[in-house]
Amino acid sequence: MSQHDSEPIDGSQPIDDPDVPWAMQVALRYDKADLPDEDLLAATAARAVVTLLADHRARDGDWSEAVRRWRDGRIRKLVRRARGVRWERAQVVPGVTVTDGPAAVRAYVPMPTRPLPPELDALQVSGTTYPATTPEQREGRAGAVVTVALSPHVEMTSGKTAAQCGHGAQLAYEAMVAADDPALQAWAEDGYRVRVARPDEAGWRACAGAPVSVVDAGFTELDGPTETVRAWWSATC
């Protein structure tokens, strides 16, 4: 049964129930022996989100109806972590996987938040923490077309950070598509790589005019509407 069917998946809840929100599930590989730093993981999550949305199946193919259904509401993303065999099993659920060094992230075709495929329902949501990024690691990642900057006023878990960077990259992609921005081609050729920045307060004020600003609704972790990231795709914001 496809995720577009209206029959109940679990015998009780039809997937077109208006009371069931939709989300893009995102799985982060968690390997204690080779953990990526948090910024690399967040950047890889952002790439995975955009790679899925740019896929022809999401634009005008088998995934397009699900993407439109999800996009018509809140662009909710739920991040889970997957270890070992659970990571491998989760690859069968439709989506795209992006890797960058030790970071591996799979973004899934949007779906109702319940019931979930068993391969995703088995994955852990809370407790997703990865090592902090060192200044040396950050300095070696310049040159991406798109920058996603994290607010210095907000503390988030690694999973929440990945979700917010995914939001920022998605909105940047959609704005570039709408404007037929020539930078989009360069970004695609670079594999939709993004640079994650962590400006101080002065740097955050300096990018107040960024074309993308993400305000989290405050349903998880954060209290009330909170600006979490800004994004841009030019030399400066």
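Owing to the predicted nature of the structure, the values given are computational and were not obtained by experimental measurement. (Residues numbered from 1 in each chain as written. Predicted model: local features only at pLDDT ≥ 70, side-chain atom pairs only at ≥ 80, totals over all residues. Heavy atoms only, no water.)

Engineer: Looking at this structure, I do not really get the environment of Ala162. What am I missing?
Structural biologist: Locating Ala162 in the fold gives a position in helix α7 (residues 158–179). Since its relative accessible area comes to 2%, Ala162 is described here as buried. On a C-alpha basis, the gap between Ala162 and Asp39 in space is 8.3 Å, while along the polypeptide they are 123 residues apart. Those residues in contact with Ala162 that sit more than four places away from it in its chain are Leu28, Ala42 and Ala45. (Helix = DSSP H or I, 4+ residues; strand = E, 2+ residues; numbered from the N terminus. Buried < 20%, exposed > 50% of the residue type's maximum accessible area, 1.4 Å probe, protein only. Contact = heavy atoms within 4.5 Å.)

Engineer: Can you help me understand the confidence of the model for the protein in this one?
Structural biologist: Low pLDDT marks regions whose predicted coordinates should not be analysed in detail. Per-residue pLDDT for the protein has a mean of 89; in total, 92% of the residues score no lower than 70. A low-confidence stretch, residues 1–15 stays under pLDDT 50, and its non-local contacts, those more than four residues away or across chains, total 27 contacts. (pLDDT = per-residue confidence, 0-100.)

Engineer: Please explain the pattern of salt bridges as it appears in this structure.
Structural biologist: Think of it this way: side chains of opposite charge can pair up when their charged atoms draw near. Taken as a whole and assessed by the stated rule, the structure comprises ten salt bridges. With a shortest N-O distance of 2.6 Å, Asp37 and Arg141 are connected by a salt bridge. Taken together, the positions of Asp37 in the loop between β1 (22–29) and α1 (38–54) and Arg141 in the loop between α6 (135–139) and β6 (146–150) put the pair 104 residues apart, joining distant regions of the chain. Look at Arg141 and you get partly exposed, because its relative accessible area is 23%. Residues Lys160 and Asp216 are paired through a salt bridge, measuring 3.0 Å at the closest nitrogen-oxygen approach. On the criterion of sequence distance, the pair formed by Lys160 in helix α7 and Asp216 in strand β8 (residues 212–216) is long-range, its members being 56 residues apart. Salt bridges sharing partners connect three or more residues here, namely Glu38, Asp39, Arg138 and Arg198. (Salt bridge = Lys/Arg side-chain N within 4 Å of Asp/Glu carboxyl O.)

Engineer: Sorry, what's going on with the sheet that holds strand β7 (residues 194–197) here?
Structural biologist: Through backbone hydrogen bonds, the strands of a sheet pair up, either in parallel or in antiparallel fashion. If you walk across this open sheet you meet the four strands as β7-β6-β9-β8, and the pairing is mixed. Each of the sheet's edge strands pairs with one partner strand only, and the pair in question is β7 and β8. Taking the axes of each pair of neighbouring strands and ignoring which way they run, one obtains an average angle of 20 degrees across the sheet. Bridging between β8 and strand β9 (residues 226–232) involves five bridges; their strand directions are antiparallel. Across the sheet, Ser213 pairs through a bridge with Arg230, a residue of β9. Most of the contacts of α7 go to β8, to which it runs at about 140 degrees, and overall it touches β6, β7, β8 and β9. (Pairing = 2+ DSSP bridges. Axes fitted to C-alpha atoms, helices over the stretch in contact; angles between N-to-C directions.)

Engineer: What is the right way to look at the side chain of Asp39 in this model?
Structural biologist: Turning to its location among the elements, Asp39 is positioned in helix α1. Its relative accessible area of 3% is what places Asp39 among the buried residues. Apart from residues no more than four positions distant in its own chain, Asp39 is found in contact with Thr133, Arg138, Arg141, Val196 and Arg198.

Engineer: Looking at this structure, I do not really get the environment of Pro110. What am I missing?
Structural biologist: Along the chain, Pro110 falls in the loop between β4 (103–108) and β5 (111–112). Given a relative accessible area of 0%, Pro110 falls into the buried group. As for Pro110 and Trp70, which are separated by 40 residues in sequence, their C-alpha atoms are 6.2 Å apart.

Engineer: Help me out: how do you make sense of the nonpolar core in this one?
Structural biologist: Generally speaking, soluble globular proteins have nonpolar side chains that are buried together. Formed by 54 residues in total, the largest nonpolar core has its most connected members in Leu52 and Trp187. Take this core: its biggest share by element is twelve residues, from α1. In this structure Leu52 touches Met24, Ala58, Trp63, Val67, Gly95, Val96, Ala107, Tyr108 and Val109, once residues within four positions along its chain are discounted. By size, the runner-up hydrophobic cluster in this structure holds eleven residues, among which are Trp87, Ala90, Val93 and Met111. (Core = buried A, V, L, I, M, F, W, Y, C linked by side-chain atoms within 4.5 Å.)

Engineer: Teacher, can you tell me more about α7 here?
Structural biologist: Since there are 3.6 residues in each turn of an α-helix, residues three or four apart along the chain are aligned in direction. Here α7 spans 32 Å end to end across 22 residues, near enough to the 32 Å set by a 1.5 Å rise per residue. Judged by how many residues are buried, α7 sits mostly within the fold: 16 of 22 residues are covered. Asp180 sits one or two residues past α7 and shows a positive phi near 50 degrees. (Expected span 1.5 Å × (residues − 1).)

Engineer: I'm lost on the pairing of strand β2 (residues 77–82) in this one. Help?
Structural biologist: In summary, the side chains of a regular strand alternate between the two faces of the sheet. Most of β2 sits out of view: five of its six residues are buried. Alignment of β1 against β2, held across six bridges, turns out to be parallel. Note on β2: the bridge partner recorded for Leu28 is Arg81.

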